[in-house]
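Structural description and commentary
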Amino acid sequence: MSVKKIKHPVSIVYKQNINFLKKELAVDKSFDLIHLELEHGEREMSLFLVDGFGKDQAITQIQRELIRITASDLADRPLDRLMKHYIPYAEIEATDDLDNVVDQILAGPAALVVEGIDKVILIDTREYPVRGPEEPDTEKVIRGSKDGFVETLVMNAALMRRRVRDRTMRVEYVSVGRRSKSDLAISYIADIADQEYVTKIKEALEKIDTDGLPMGDKTIEEFVFGHNSNPYPMVRYTERPDVASTHLLEGHVIIMVDGSPSVMITPTTFWHHMQHVEEYRQKPIVGTSLRVVRYVAVWASIFLLPLWYLLATNEQLTPEALVFIGAEEVGTVPLYAQFLVAEIGIEMLRMAAIHTPNALATALGLVAALLIGEVAINVGLFSPEVVLYLAVAAVGTFATPSYEMSLANRLIRVVLLIVTAIFGVAGFVIGTTIWLLMLVNLHPLGTPYMWPLLPFNAQAFRDVLFRVAMPLKKQRPSAVHPNDPDR
């Protein structure tokens, strides 16, 4: 049973407010929490802030302005006089809730408590430690902008507003987490986005009941969209402001989490994870060729190994044109075991690459070449064909634009390989059918995951297969139910 929270209003008694804030913030125990005792205009004042968030120049300027105050200046309407005349700051407000004051101080703003005033002045002087907006490593382009999202919510919103200056663009603030009080923002274009879907997102966020968001946006995805036993991503992650802005104009909703350099695009389908911004930075015919090659790579990353194993172990199924398929030197280790060992080896190398400093990257590459290259073949652990087809499948995995989808496809590949090795043709057919049914039955927040293939939409599926010239894309995707379907 939940306990109703008791509100602590700001008292007219100055010392009572100070004692409450010092106790709740544990100012005496935390070195980074600052309590400045001031006296201006014959009134006691206190300034509370987090040292790492306070902008020194702004705090200094505010103190300089307060020095000019006399007792007569605060004789009449002191709160209005302070906020409108003596504190030169744009983001300033007053509150009568001490609990809100504590939450705000921990979030970054400074709080000014003034003797004889039953409200606390909140001044947003925060300045988060932040890196510059650099191009994301996972979404590089030859042509196009080189800026990317950072870990600060305000800057990420500004990067999108720079590209979308629509007056109906909304960036709505949400706080999630009983202890973490994590800052979130929902961004959409009110004239385009489906308001019913926006409401669903808001309600789902408000229902999140947890201490905090240790993994940021990934935790939000698990709470809001569910399907946690399914390996495929329910949202598309991007670190590029131009990609997020493009989806805003299509009617999607963007979820931003403070502290994360990536944003979530929703709703999304299976095919959204197959797109890359480079396709739209080239001519349509070039973009289409890039997309076709990417599709071939993605399908190869899923089906190449199970199919090759099926044909290599069932020669009667192999057509004459593909008689070269098979292992000339099978070796003492069964083929399916070779693939499983190699898959584990590739995964170990991927993990090692993540944790390896750049200075040791060359050494890691040499070790990888020795483990899965000539030496592994010479000792009879792998046949040459296994190394070849595994390398092609691995390249297809790395060519998948969405990192989350590439991991899901790799898992499906291993499962298909295992069921094919155990049950043969029936295992491959049944495994592929179950995989398709799993994708078709996905409807995160009511959006069909395999749209526009199922349910079929000819015009939208054309846009999936081909990179259509922008002047010909006159309709927004119907899967997001845009209020304004025409571009």
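For the structure, see preceding data.
So, here is what we can say about the structure in this document. (Residues numbered from 1 in each chain as written. Predicted model: local features only at pLDDT ≥ 70, side-chain atom pairs only at ≥ 80, totals over all residues. Heavy atoms only, no water.)

**Some points on the packing of aromatic side chains**
Describing an aromatic ring pair means giving the distance of the ring centres and the angle of the ring planes. What the rule picks out here adds up to 13 aromatic pairs. Summarising the aromatic geometry, the rings of F270 and W271 are spaced 5.2 Å apart at their centres and angled 85° between planes, so their arrangement reads as edge-to-face. The class of F270 is buried, set by a relative accessible area of 0%. We classify W271 as buried; its relative accessible area is 6%. (Phe/Tyr/Trp six-rings, centres within 6.5 Å; stacked < 30°, edge-to-face > 60°. Buried < 20%, exposed > 50% of the residue type's maximum accessible area, 1.4 Å probe, protein only.)

**A look at the packing of helix α9 (residues 284-313) against helix α16 (residues 458-465)**
Here α9 crosses α16 at 85°, and the two axes come no closer than 9 Å. Taken together, the axes of α9 and α16 are roughly perpendicular relative to one another. Side by side, α9 and α16 meet where T288, R291 and Y295 of the first sit next to D463, V464 and L465 of the second. (Axes fitted to C-alpha atoms, helices over the stretch in contact; angles between N-to-C directions. Helix = DSSP H or I, 4+ residues; strand = E, 2+ residues; numbered from the N terminus. Parallel < 35°, antiparallel > 145°, perpendicular 65-115°, else oblique. Contact = heavy atoms within 4.5 Å.)

**Considerations on the pairing of strand β7 (residues 182-189)**
Taking burial as the measure, the eight residues of β7 include eight buried ones, the bulk of the element. Pairing between strand β6 (residues 169-176) and β7: eight bridges, direction antiparallel. Considered in β7, the bridge of Y173 is made with A185. Sheet analysis places β7 next to strand β9 (residues 253-257), joined by four bridges and oriented antiparallel. (Pairing = 2+ DSSP bridges.)

**Overview of the sheet that holds strand β1 (residues 33-40)**
Note: strands within a sheet are paired through backbone hydrogen bonds, in either parallel or antiparallel orientation. Strand order in the open sheet made by the five strands is β1-β2-β4-β5-β3, with antiparallel pairing throughout. The open sheet has two free edges, formed respectively by β1 and β3 (92-95), since each of these has just one partner strand. For this sheet, the mean angle separating the axes of adjacent strands, direction not counted, is 25°. Across four bridges, strand β2 (residues 43-50) lies against strand β4 (residues 110-114) in antiparallel orientation.

**Here's the deal with the pairing of strand β10 (residues 263-266)**
Residues V263 and I265 line one face of β10 and the alternating positions M264 and T266 line the opposite face, and both faces are buried. Note: strand β8 (residues 236-238) against β10, three bridges, orientation antiparallel. Bridge pairing links T238 to V263 in β10. In the sheet, β9 pairs with β10 via three bridges, with the strands oriented antiparallel. Following the sheet pairing, V253 is matched in β10 by T266. Here β9 folds back onto β10 in antiparallel fashion, the turn holding five residues, of which G259 has a positive phi close to 95°.

**Side note on the layout of surface pockets**
What the largest pocket holds in volume is close to 1,300 Å³. Lining the largest pocket are 45 residues, with Q104, A107, R126, Y173 and D183 positioned closest to its centre. Those elements that provide at least two residues to the lining of the largest pocket are α1 (14-25), β3, α4 (98-107), β5 (120-123), α5 (153-161), β6 and β7. The element contributing the most residues to the lining of the largest pocket is α4, with seven residues. Residues that form the lining of the largest pocket fall into these classes: 21 nonpolar, eight polar and 16 charged. Looking at the second largest pocket, its volume works out to about 1,000 Å³. The element best represented in the lining of the second largest pocket is helix α14 (residues 403-423), accounting for five residues. (1 Å grid on protein atoms, 1.4 Å probe; cavity = no way out; pocket = protein on both sides within 12 Å on 5 of 7 lines; lining within 4 Å. Points joined across faces, edges and corners; volume = space filled by probe spheres on them. Nonpolar A, V, L, I, M, F, W, Y, C, P; charged D, E, K, R; others polar.)

**Some thoughts on the packing of α14 against helix α15 (residues 425-440)**
Close contact between α14 and α15 brings their axes to 6 Å; oriented N to C, the two are set at 150°. By the criterion of interaxial angle, the relationship of α14 to α15 is roughly antiparallel. Of the two possible hands of crossing, α14 and α15 adopt the one that is right-handed. Contacts from I412, L416, V419, T420 and F423 of α14 reach α15 at V425, A426, G427, F428, G431, T432, W435 and M438. Residues that form the contact of α14 with α15 fall into these classes: nine nonpolar, four polar and no charged. (Left-handed = near helix turned anticlockwise from the far one by under 90°.)

**Section: the environment of L307**
Among the secondary structure elements, L307 is positioned in helix α9. Expressed as a C-alpha distance, the spacing of L307 and V292, which sit 15 residues apart in the sequence, is 20 Å.

**A short note on helix α8 (residues 241-250)**
Residue pairs spaced three or four apart in an α-helix point in one direction, given the helix's 3.6 residues per turn. For α8, a buried count of eight out of 10 residues is recorded, marking the element as mostly surrounded by other parts of the structure. Along α8, the positions that sit buried rather than exposed are P241, D242, V243, A244, S245, H247, L248 and E250. Looking at the buried side of α8, the elements it contacts are α5, β6, β7, β8, β9 and β10. One or two residues past the end of α8 sits G251, with phi positive at roughly 110°.

**Quick notes on the pattern of salt bridges**
Summed over the entire model, instances satisfying the criterion amount to 23 salt bridges. In this structure, D124 and R126 form a salt bridge, with 2.8 Å as the shortest nitrogen-oxygen distance. Linking R163 and D147 is a salt bridge whose minimum nitrogen-to-oxygen distance equals 2.9 Å. In this pair, R163 sits in the loop between α5 and β6 while D147 sits in the loop between β5 and α5, placing the two residues 16 residues apart along the sequence. You can call D147 buried: its relative accessible area is 10%. (Salt bridge = Lys/Arg side-chain N within 4 Å of Asp/Glu carboxyl O.)

**Concerning the side chain of D73**
Relative to the elements of secondary structure, D73 occurs in the loop between α2 (56-67) and α3 (78-86). The charged side chain of D73 is buried without a salt bridge, its nearest counter-charge being R81 at 4.1 Å. Setting aside chain neighbours within four positions, we find D73 in contact with R68, R81 and Y86. (Lys, Arg positive; Asp, Glu negative; His and termini not counted.)

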